[in-house]
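Chain by chain, the residues:
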Amino acid sequence: MSYFTDLTWKDSIKDIIDILIVSYIIYKVLNMVRGTRAIQLLKGILVLIVIWAFSTLFDLYTLKWLMNQMFTFGVLAVFIIFQPELRRGLEQLGRGKFFGRTAENDEEVSKLIGEVIKAVNYLARRRIGALIVFERATGLNEYKESGIQMNSIVSSELLINIFIPNTPLHDGALIMQSNQIAAAACYLPLSENPFISKELGTRHRAGIGVTEVTDAVSVIVSEETGQISLAINGQVVRDIKEESLISKLYEELRTHSALSEKRNVFWKWKGGGGTNG
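Note that the structure is predicted; figures quoted are calculated from it, not measured. (Residues numbered from 1 in each chain as written. Predicted model: local features only at pLDDT ≥ 70, side-chain atom pairs only at ≥ 80, totals over all residues. Heavy atoms only, no water.)

Caption draft 1: Quick peek at helix α6 (residues 106-125). Its 20 residues give α6 an end-to-end C-alpha distance of 28 Å, which sits within 8% of 28 Å, the value for a rise of 1.5 Å per residue. Every buried residue of α6 is accounted for by V109, L112, I113, E115, V116, I117, A119, V120, N121, L123 and A124. Looking at the buried positions of α6, the neighbouring elements they touch are β1 (130-134), α8 (156-163), β3 (173-177), β5 (217-221), β6 (228-232) and α10 (242-253). Once α6 ends, the next one or two residues include R127, with phi positive near 55 degrees. (Helix = DSSP H or I, 4+ residues; strand = E, 2+ residues; numbered from the N terminus. Expected span 1.5 Å × (residues − 1). Buried < 20%, exposed > 50% of the residue type's maximum accessible area, 1.4 Å probe, protein only. Contact = heavy atoms within 4.5 Å.)

Caption draft 2: Seen up close, the pattern of salt bridges. Enumeration over the complete set of coordinates arrives at eight salt bridges. Across the pair E251 and K248 runs a salt bridge whose closest N-O atoms are separated by 3.6 Å. You can see E251 and its partner K248 sitting in helix α10, three residues apart, about one turn around the helix. Classification of E251 by relative accessible area gives partly exposed; the value is 26%. The class for K248 is buried, based on a relative accessible area of 2%. (Salt bridge = Lys/Arg side-chain N within 4 Å of Asp/Glu carboxyl O.)

Caption draft 3: Quick look at the packing of aromatic side chains. All told, the structure shown has one aromatic pair when counted by the stated rule. Ring geometry for F54 versus F58: centroids 4.9 Å apart, planes at 50 degrees, classification tilted. When its relative accessible area of 45% is taken as the criterion, F54 is described as partly exposed. Looking at R126, its charged tip hangs above the ring of Y122, at a distance of 3.7 Å from the centre. (Phe/Tyr/Trp six-rings, centres within 6.5 Å; stacked < 30°, edge-to-face > 60°. Lys NZ or Arg CZ within 6 Å of the ring centre and 35° of its normal.)

Caption draft 4: The environment of G129, seen in detail. Positionally, G129 belongs in the loop between α6 and β1. Taking C-alpha positions, G129 is 8.5 Å from I164, a pair spaced 35 residues apart along the chain. Ignoring any residue separated from it by four or fewer positions in sequence, one finds G129 in contact with F163, R203, V221 and E223.

Caption draft 5: Here's a closer look at the nonpolar core. F134, M176 and L249 are the most contacted members of the largest nonpolar core, which has 33 residues in total. Listed by contribution, the elements that provide at least two residues to this core are α6, β1, α8, β3, β4 (180-186), β5, β6 and α10. In terms of residue count, α6 provides more of this core than any other element does, nine residues in total. L249 has contacts with I113, I117, F134, V217, V219 and L230, leaving out every residue within four places of it along the chain. Among the nonpolar cores identified, the runner-up in size contains 19 residues, and A182, A206, I208 and A231 belong to it. (Core = buried A, V, L, I, M, F, W, Y, C linked by side-chain atoms within 4.5 Å.)

Caption draft 6: Inspection of the sheet that holds strand β2 (residues 148-153) at higher detail. Spatial ordering of the open sheet is given by β2-β4-β3-β1-β5-β6-β7, a layout of seven strands whose pairing is mixed. Both outer strands of the open sheet, β2 and β7 (235-237), are each paired with one neighbouring strand and no more. Ignoring strand direction, the axes of neighbouring strands in this sheet form an average angle of 20 degrees. By the bridge criterion, three bridges tie β6 to β7 in an arrangement that is antiparallel. Bridge assignment links A231 to a residue of β7, and that residue is V236. The sheet contacts of α6 involve β1, β3, β5 and β6, and relative to β1 the element is tilted by about 165 degrees. Relative to β6, α10 is tilted by about 25 degrees, and along the sheet it contacts β1, β5 and β6. (Pairing = 2+ DSSP bridges. Axes fitted to C-alpha atoms, helices over the stretch in contact; angles between N-to-C directions.)

Any functional reading would require information beyond the geometric quantities listed.
Next comes the structure, spelled out in structure tokens:
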């Protein structure tokens with residue numbers, strides 16, 4: 001009790017600031033690993049902590065000894081396992097992005113969508129397959145690293161050239177990050193939804209699959225039919241019309257807020273044009 005009675009208002013403010021800073025750092029670290037395999041490792045570590053607490057509470061000597069040994073050598077293992085995430089975090093800190101992510105303004109988003117629409121229309125007319133994935137709140141670095149890093153300014157001409165058949169980057173997904181082409185020829189998880197139409201191939205299943213495990217948005221061009229499809233939250237609208245595609249992309253990409261509400265009204269918005277694949 002003497003500790004609390006001796007506290008001054010300056011100490012209280014200092015403690016509050018201390019707690020807020022630590023909480024913010026934890027929040028940013030969790031945001032950094034969300035959507036990657038690291039989040040599964042964090043869950044595993046949490047399970048180990050619960051087991052250690054259980055063994056300590058009930059004085060289970062052998063189990064407690066085993067947990068202590070795991071924690072002793074686990075610190076080094078964590079640094080090895082989380083090496084890619086730690087590297088990305090330090091890079092973001094060096095670029096000044098750790099303490100906030102600036103929202104893209106409407107003009108930048110409009111320009112981005114305009115270039116994408118020109119490219120997918122060109123590809124659709126010539127029945128050239130394409131898969132473009134837009135990162136939102138959930139990081140796609142895990143999938144970005146499976147492809148060829150680009151970090152290029154978006155232009156319709158570059159998008160078209162990437163997907164031209166028999167070129168080095170045409171096979172795989174293109175990932176957009178912060179209004180840039182982050183990487184091409186990326187591998188994505190395939191959808192495991194058994195209700196997806198059998199006529200949809202690997203490109204569509206990859207485009208849908210990444211939206212099942214992240215909050216990304218995918219635009220898919222079919223090389224068989226030339227149809228353009230839009231995938232969000234594991235659902236797909238096939239043969240979407242240009243006006244609807246522009247409207248939905250603008251709505252989803254200009255802000256990361258209220259995503260859950262938007263997903264709930266996605267199929268109400270869909271309208272007569274598309275069919276659920």
